Amino acid sequence: MSLIKVENLVKDYKINVKKKGLVGAIGSLLVPEYKMKRAVDNISFTIDKGETVGFIGPNGAGKSTTVKMLTGILTPTSGNVEIGGLCPYKQRKKNASRIGVVFGQRTQLWWDLPVIDTFELLKHIYKVPEKVYDENIELFSEMLGLKDFINQPVRQLSLGQKMRADIAASLLHNPQIIFFDEPTIGLDVVAKEKIREFIKYINKEKGITMLFTTHDMQDIEKTCSRMIIIDHGTTIYDGTVDQIKNRYGKTRTLIVEFGQVYDKIDLIPGVEVVDTKDNKKWLAFKKEEVHISSLIADLTNKYSILDLTIQEPEIESIIREIYEGGVNYDKSLSGGGKEVLSK
Ligand SMILES: Nc1ncnc2c1ncn2[C@@H]1O[C@H](COP(=O)(O)OP(=O)(O)OP(=O)(O)O)[C@@H](O)[C@H]1O
Ligand SMILES: [Mg+2]
């Protein structure tokens, strides 16, 4: 059964249009002029219990706006949102007890208080039983390395420390669903990896359902099984991470380590050398045009070969292509939990 249901969701923002110059500015104050901006344009999807969904899209695509509607911070202009049968903006308090939210751009921790005091406050706000609280503090401290700074005021913390404390704070009350809106933004690779490991663990051990917004495709590859891509407020892809690689990552690379250095090699049609280093060559080809077995057979017939490695397409390059419009999609089909991209 679906835990999250989003149906034809729309959000329009009212933007105050400021006129130029002093006279214009005064005019704007006296007679404000507005225009409407559609940030989310008819999005539909459902998420089942325990699913891990990457929610991605270029800047300004409408991701944060959607997350805000799912968490009850914003009221939709039209459409429906249901979280475990609740309407988030109407039943905000009840919904809050079931969800956890991290906005990487903004902390929910009390700036002047030590981290542990925020945790204590949240324990009271969410009425977390003592035992659950103690267990969680221990688990999160251990896995996120909070011990070093748990007694320090939040304003003294580094970005990575703050983010780890924020993530712990969002999970103290054992929510069923977690919304992560860029929880790895600005972090170094080690810190990101630590957070991904933790996310994977809580998903597996606690069965938490997750919607994860990020611009780092490694976050998605390592923690999510499904991916929803939105652009200009509409869904352009909804499917598994593997599917997108198989269907849209059409170029493969075969890395060949030859027994000697060859300046030039003779290749079957459709294959080209994209890089050379000493006795190694990187051969690129389209998987529909060239059978990998024919390519390998041809090479081993003609040359002495020490090693062969097939490189799968990087998810980053596929997504880049989609964002840049290299993969066409049919907007009329968008939403509804189905794949809408087509090459
Ligand atoms: N409070 C607001 N008032 C007016 N327009 C807004 C407001 N918040 C967002 N927008 C606009 O709505 C659109 C979607 O913004 P949103 O923050 O949802 O994008 P996003 O996908 O989260 O982008 P990013 O990857 O940069 O975080 C943008 O065009 C943005 O300028
Ligand atoms: Mg955002």
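Draft legend 1. Layout of the overall build of the chain. A count of helical and extended segments in the chain gives 11 helices and 13 strands. Seen through its principal axes, the chain has C-alpha atoms that stretch 75 × 55 × 50 Å. Counting over 343 residues, the chain shows a buried share of 46%. Contacts in the chain between residues far apart in sequence, at least 24 positions, make up 69% of those at least 6 positions apart. Accessible surface computed for the chain: about 17,600 Å², of which carbon and sulfur atoms make up 50%.

Draft legend 2. Up close: the nonpolar core. Membership of the largest hydrophobic core comes to 48 residues, with the highest contact counts inside it found for Phe119, Met227, Ile229, Ile244 and Ile319. Aside from chain neighbours lying at most four places away, what touches Met227 is Gly54, Ile56, Ile220, Tyr237, Asp238, Gly239, Val241, Ile244, Ile315 and Ile319.

Draft legend 3. Up close: the site of ligand 1. Taken together, 14 residues sit near ligand 1, with Gly60, Lys63, Ser64, Thr65 and His215 positioned nearest. In the environment of ligand 1, an oxygen atom lies 3.1 Å from a nitrogen or oxygen atom belonging to the backbone of Ala61. Contact between ligand 1 and Thr65: an oxygen atom at 2.5 Å from a side-chain N or O atom of the residue. Relative to its unbound accessible surface of 640 Å², ligand 1 loses 65% to contact with the protein. Those elements that provide at least two residues to the shell around ligand 1 are β1 (2-17), β2 (33-48) and α2 (63-70). Top contributing element to the shell around ligand 1 by residue count: α2, with 3 residues.

Draft legend 4. Representation of the domain arrangement of the chain. Considered domain by domain, the chain is made up of domain 1 (2-242) and domain 2 (250-312). Computed over C-alpha atoms, the centres of domain 1 and domain 2 are 44 Å apart.

Draft legend 5. Expanded view of helix α5 (residues 130-144). If you check α5, its first and last C-alpha atoms are 20 Å apart, about what 15 residues at 1.5 Å a residue would give, namely 21 Å. Every buried residue of α5 is accounted for by Tyr133, Asn136, Ile137, Phe140, Ser141 and Leu144. For α5, the angular spread of the buried residues around the axis is 125°, confining them to a single face. Residues of α5 that are exposed and angled more than 90 degrees away from the buried face: Lys131, Glu138 and Glu142. Elements in contact with the buried residues of α5: α4 (115-125), α6 (159-171) and α7 (189-206).

Draft legend 6. Just the pairing of strand β3 (residues 52-56), in detail. For β3, a buried count of 5 out of 5 residues is recorded, marking the element as mostly surrounded by other parts of the structure. Burial along β3 is two-sided: Thr52, Gly54 and Ile56 and Val53 and Phe55, pointing in opposite directions, are all buried. Of the strand pairs in this sheet, β3 and strand β7 (residues 209-213) are connected by 4 bridges, and their pairing is parallel. Bridge assignment links Gly54 to a residue of β7, and that residue is Phe212. Pairing of β3 with strand β8 (residues 226-231) involves 4 bridges; the strand directions are parallel. Looking across to β8, one finds that Val53 is bridged to Arg226.

Draft legend 7. Layout of unusual backbone geometry. In this model, Asn8 sits at a positive phi of 45°, which is unusual for a non-glycine residue. Looking at where Asn8 falls in the secondary structure, it is placed in strand β1. Here the phi dihedral of Asn42 falls at roughly 70°; this positive angle occurs in a residue that is not glycine. Relative to the helices and strands, Asn42 resides in strand β2.

Draft legend 8. A look at the environment of Gly259. Position of Gly259 among the secondary structure elements: in the loop between β10 (251-258) and β11 (271-277). On the basis of relative accessibility, which here comes to 39%, the residue Gly259 falls in the partly exposed class. Measuring from C-alpha to C-alpha, the distance between Gly259 and Ser304 comes to 5.0 Å, with 45 residues separating the pair along the chain. Setting aside chain neighbours within four positions, we find Gly259 in contact with Ser304, Ile305 and Leu306.

Draft legend 9. Expanded view of a nonpolar patch on the surface. On the surface, Leu22, Ile26, Leu29, Leu30 and Val31 cluster together into a nonpolar patch covering about 600 Å² of accessible area. Mapped onto the secondary structure, Leu22 falls in helix α1 (residues 21-30).

Draft legend 10. Fine view of the packing of α4 against α5. Close contact between α4 and α5 brings their axes to 11 Å; oriented N to C, the two are set at 150°. Judged by the angle between their axes, α4 and α5 are roughly antiparallel. In terms of crossing hand, the pair formed by α4 and α5 is right-handed. For the pair α4 and α5, contact is made by Ile116, Phe119, Glu120 and Lys123 and by Glu130, Tyr133 and Ile137, respectively. Of the residues in the contact of α4 with α5, the class split is 4 nonpolar, no polar and 3 charged.

The rules behind each value
Residues numbered from 1 in each chain as written. Chains lettered and ligands numbered in written order. Predicted model: local features only at pLDDT ≥ 70, side-chain atom pairs only at ≥ 80, totals over all residues. Heavy atoms only, no water. Helix = DSSP H or I, 4+ residues; strand = E, 2+ residues; numbered from the N terminus. Buried < 20%, exposed > 50% of the residue type's maximum accessible area, 1.4 Å probe, protein only. Contact = heavy atoms within 4.5 Å. Areas by Shrake-Rupley, 256 points an atom, 1.4 Å probe, with all protein chains shown as cover. Core = buried A, V, L, I, M, F, W, Y, C linked by side-chain atoms within 4.5 Å. Near = heavy atom within 4 Å. Polar contact = N/O pair within 3.5 Å; in protein donor to acceptor, adjacent residues only side chain to side chain. Domains from an automatic or database assignment. Expected span 1.5 Å × (residues − 1). Arc of directions from axis to C-beta. Pairing = 2+ DSSP bridges. Patch = residues over 30% accessible without salt bridge, like charges linked within 9 Å, V, L, I, M, F, W, Y side chains within 5 Å. Salt bridge = Lys/Arg side-chain N within 4 Å of Asp/Glu carboxyl O. Axes fitted to C-alpha atoms, helices over the stretch in contact; angles between N-to-C directions. Parallel < 35°, antiparallel > 145°, perpendicular 65-115°, else oblique. Left-handed = near helix turned anticlockwise from the far one by under 90°. Nonpolar A, V, L, I, M, F, W, Y, C, P; charged D, E, K, R; others polar.

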